[in-house]
Each structure stands twice: as structure tokens, then as C-alpha cells.
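Below, each chain spelled out in residue letters.
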Amino acid sequence: MTARLSIKKVFEGSKVGDEVKIAGWIRSVRKNKSFSFIVLNDGSCQDNLQVVINDDLPEYDKASNLLTGSALAVIGKVVESGGKGQSIELQGASIEIYGEADNTYPLQKKGTSLEFLRDNAHLRVRTNLFGAIFRIRHTLAMATHQFFHEQGYYYLNSPIITAYDAEGAGEMFSVSTLDPQKLPTNDKGEIDYSKDYYGRKSFLAVTGQLEAECHAMGLGGVYTFGPTFRSENSNTPRHLSEFWMVEPEVAFADLDDVAELASEYIKRLISEALEKNKAELDFLKQWRKWQKIEDNNHQETLKHVRDSKFKKITYTEAIEILAASGEKFEFRPEWGAELQTEHERFLAEKHFNVPVIVTDYPKSCKAFYMKQNADEEAGKETVRAMDVLVPGVGELIGGSQREDSLEKLEGRIDEMGMDKDVLWWYLDLRKYGSVPHAGFGLGFERAVMYVTGMKNIRDVIAFPRTPKSADF
Ligand code: 4AD
Ligand code: MG
């Protein structure tokens, strides 16, 4: 039996005259009197392969009446294509029909909306659009591992179940095997979590950072790349309750070092996609044109970002720029307040039009573990935090230098009324050979949005999890 070649391999390596076997799902069939064209895609690349079958084939009648979505294998000869836009096609010599699809197949030729495709997330990867997005997502994942590996970082699989709220935002999913109908209580009438599976209250992790810090203190540099869970009730185009985060953590490094690492990493993601996914990016451009979505020359923008230096400003400077901008913001930019999405987008899109790294936020806006800046006037204390804001997406990365003084860290934990006991091991890092260190977290889906130009985060993860939605 001839071995199957992917359509990508056929386009890359087959010569006219070669006999090959391919298989795929039908995108369309055009029937003529004595021959038909079957257009197949197998997901290996953006391009479809057109198969010509003549009516002298025993399977002709059946094959030429197949509908979009049906699956089949074809053995045939590679020939030069008469059709425009493709160099080669296949002259079918034998056909094996796998599964047929009938006319209820949801992905018909005519325009299907993104909302409709979200409702059919189990099938949408068979469209040109989602094929492109998920091939690009793969490139970015591989580039992530390659980038950190080449820089000498070790891949850490941090735990998914945890006992503490590292970001302090209280947006955690509980993990429990207690029966909600029969919750055990202690003598104060509170739920007795000592009877629960882990003997304590536990959650799905919002970050792998604290464990990454442990490993950075022995391996020098590590990165995580795994699922992260947040139960925040944000039904926005940028939030998922299950998303993937990439978190490098670096010993003997300060904030400037990881700001540099972050820009190199983002540039690497862009350049790999430009190099490996030209067909996909070209398709996305075409798709935006069909959808009448403004394109703003997305690929050129990506090239520009790959080749330019990211802008770096402090939070205080950001507030000054926003206050002087004359823009009508819903939230007035005011020192001490969080930067809102509208502010972040103004800075990245209108004011600078390149990624912007904003540093040194008010201490009150950020998590307990960030390094406190020295010499601050009372009421204006800041921490060595950074957010990387990119046009079209807003916050892509959040990071910081970590507090490495035991005294200061304990002080901050007390100040915030947090429970020191569950963090004893994290505090140990400051007791035994504490060193300056820093890291960041990149929201992987936001990176996929940025590179593909897709505007809704639900369209760049295979099966999105959002409030009131966990289908598939
Ligand atoms: O800014 P965040 O909350 O930072 C941390 O979790 C740190 N522990 C990272 C670190 O220093 N190691 O989250 C990091 C990034 C955000 O910038 C954003 O891109 C993404 O994770 N993110 C989300 N992406 C999708 N859906 C959500 N609900 C997200 N929340 C954060
Ligand atoms: Mg953040």
C-alpha cells in the first residue's frame, strides 16, 4: 500500500509525474460531464489540493456526488494544474471513500459568522480561517520552547492545584471532593476543610510563578508554559477563565533584564510566524478584506514591531501622557488608579504605536511579591512592576522584579492581611541564599491574538472557557 503524504509534503516535494497518495476532507466538488474536480484539504497547510477524476473510474459516480465535509483518500499522479492559483493538481487513479457528510454539515461554503463557528467549535478547525489560526498557534508554542531553550532556561511544569492565591485577586476556582449537600463543619460552624481531599482549602492555580521562583533559585532560569485558571467574571474579548501562560523566572536579574527578555521573546514570536506562516498570514489578510475588517497592513506592522525598539516609560509618565492627551476617557487617569484597557490601548495604539513597557506601578495596584522601590515619598510608593502593552490587544505581559528581602516581603504580606503560613516555603527562598530575581507572564492566547490579528480571544483557543460557557 502506498503511504499517505500530507498535502503540505506534496506541494513542497512532489514532482510532476510522481504517484502519491493523499487524504483529506472535501471543501468543494465541481461536476462536469465526463470529469469532476474535488478540492481537498487535510489541515497540513493552508492550500487545498485539487483532484481531477474522470468518469472511467469505477468510484466516479459515488465520488463526484460527495458533499462538502466528506473524507476520502486518493492515489493519483501529480500533474501541472490548468487552474489559476495552484501549480499542481492530482489526476486521480483510485479513490477510497472514508466518511460521508450530508447536507446538514454545518460548514457550508457561504459565509459563516465567528459566533456560529464558536457554537461549532468541534468543527471550526476545518475552515481555512481556523486552520490558519491553529497552525500559527503551534508555531508560537514551538517558538516559545525554542527561544527559552536556546537562552538556557529550563522548562518547569508547575502544579495546577494550589493552596494559595498568589495574585491576591480572589479569582480562584475551588478544588474539593467534599459533598456540597453534607459539608463537614468545625465547632465554630465553619466548613472544616481538614476533612477535604488535601486537608485544606485548595484551588486551581492562577499562576505558576511562585514555584518558578523556587526552581529559578536552583536552576538559574526556568519557564513555565501551562494552563492557568481565573474565575473573574469578565465577559470581555480578552479574558478566558482557562488560558495558557508562559512564565520565565530569572535569577541574578533585575526588571530591566526581564524587560529586555520580554521584547526579545515577543520579537521572536513575530519573526517565526512571519517566516513559517506566510500563507496563513496572507489568508488572514484576505479574510479581513472579505469581512470588511480594517487590516491596517497587519504583516507590515508585525515586521515594524520585530525591527523596532519597544518604548519604555514609567507608570507616572504614563499618567502624565494620559492626563495631557485631551482624550475623553471613561475613567479619569489619576495617579494611584489602575490603568484601564482604554488607557492601555491609547498608549500602545494612538500615542506610541509600538509595544510599550510601563514600569514602576503604585504598590497598591500590584501583587504582594513585587520589589518595593526605595526613596518614595509617602503615599507615592511604587514597585518594580512592568506591563507590556501592545496595539490591538492591550496588556500582553505582566511581570516584575521580586522582593528579595525577607523583612520587606513579610512586612508587605502583613500589610495586605495575607496568610503567611501557607507561604512559609516561599519565604524560605529569602532566608537561604536570596538573590535579585525577576520574571514575567505572557498570556499565550493574547500573543496569538496579537500575531493573527484576531479580535476575540475565544477564536484563538481551541475550546474556550468563559463565564456560563464550558461546552465541548
Ligand atoms: O498580569 P498577570 O496576572 O501576571 C501574573 O500572573 C504573574 N504571576 C506573571 C509573572 O510575573 N510570572 O498575568 C500575566 C498575563 C497577562 O498580562 C495577560 O496577558 C494574561 O496573563 N492574562 C489573561 N489572559 C487571558 N484571560 C485572562 N483572564 C487573563 N488574565 C491574565
Ligand atoms: Mg497583569
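(A) Inspection of the packing of aromatic side chains at higher detail. Scanning all chains against the criterion turns up 20 aromatic pairs. Ring plane angle 40 degrees and centroid distance 5.8 Å describe the contact between Phe463 and Phe472, whose orientation is recorded as tilted. For Phe463, a relative accessible area of 36% translates into the label partly exposed. A relative accessible area of 46% means that Phe472 is categorised as partly exposed. The side chain of Lys366 reaches across the aromatic face of Tyr361, ending 4.2 Å from its centre. The lysine or arginine in question, Arg430, covers the ring of Tyr426, its NZ or CZ lying 4.2 Å from the ring centre.

(B) Region of the structure containing the nonpolar core. One finds Leu129, Ile133, Ile266, Met386, Ile397 and Leu442 to be the most contacted residues of the largest nonpolar core, which totals 64 residues. In this structure, Ile266 is in contact with Phe310, Val388, Leu396, Ile397, Leu442 and Tyr450, ignoring residues within four places of it in sequence. One finds Val358, Ala385, Val422 and Leu423 within the second-largest nonpolar core, a separate group that totals 34 residues.

(C) Just the environment of Tyr98, in detail. Secondary-structure assignment places Tyr98 in the loop between β5 (88-97) and α3 (114-119). Take Tyr98: its relative accessible area is 44%, and that puts it in the partly exposed class. Once residues within four sequence positions are removed from consideration, Tyr98 is found in contact with Ala23, Ala71, Leu72 and Ala73.

(D) Seen up close, the site of ligand 1. Neighbouring residues of ligand 1: 24 residues in total, closest Glu167, Gln209, Glu232, Glu247 and Glu395. Contacts to ligand 1 include Arg402, whose side-chain N or O atom sits 3.0 Å from an oxygen atom. Within the backbone of Gly443, a nitrogen or oxygen atom sits 3.3 Å from an oxygen atom of ligand 1. The fraction of the free accessible surface of ligand 1 (630 Å²) that becomes covered by protein chains is 94%. Residue assignment for the shell around ligand 1 shows that the elements contributing at least two residues are β11 (242-251), β15 (394-401) and β16 (437-443). With five residues, the top contributor of residues to the shell around ligand 1 is β15. Residues belonging to the shell around ligand 1 are distributed by class as follows: eight nonpolar, eight polar and eight charged.

Cut-offs used in this document
- Residues numbered from 1 in each chain as written.
- Chains lettered and ligands numbered in written order.
- Predicted model: local features only at pLDDT ≥ 70, side-chain atom pairs only at ≥ 80, totals over all residues.
- Heavy atoms only, no water.
- Phe/Tyr/Trp six-rings, centres within 6.5 Å; stacked < 30°, edge-to-face > 60°.
- Buried < 20%, exposed > 50% of the residue type's maximum accessible area, 1.4 Å probe, protein only.
- Lys NZ or Arg CZ within 6 Å of the ring centre and 35° of its normal.
- Core = buried A, V, L, I, M, F, W, Y, C linked by side-chain atoms within 4.5 Å.
- Contact = heavy atoms within 4.5 Å.
- Helix = DSSP H or I, 4+ residues; strand = E, 2+ residues; numbered from the N terminus.
- Near = heavy atom within 4 Å.
- Polar contact = N/O pair within 3.5 Å; in protein donor to acceptor, adjacent residues only side chain to side chain.
- Areas by Shrake-Rupley, 256 points an atom, 1.4 Å probe, with all protein chains shown as cover.
- Nonpolar A, V, L, I, M, F, W, Y, C, P; charged D, E, K, R; others polar.

Remember, this is a structural readout, not a statement about activity or role.
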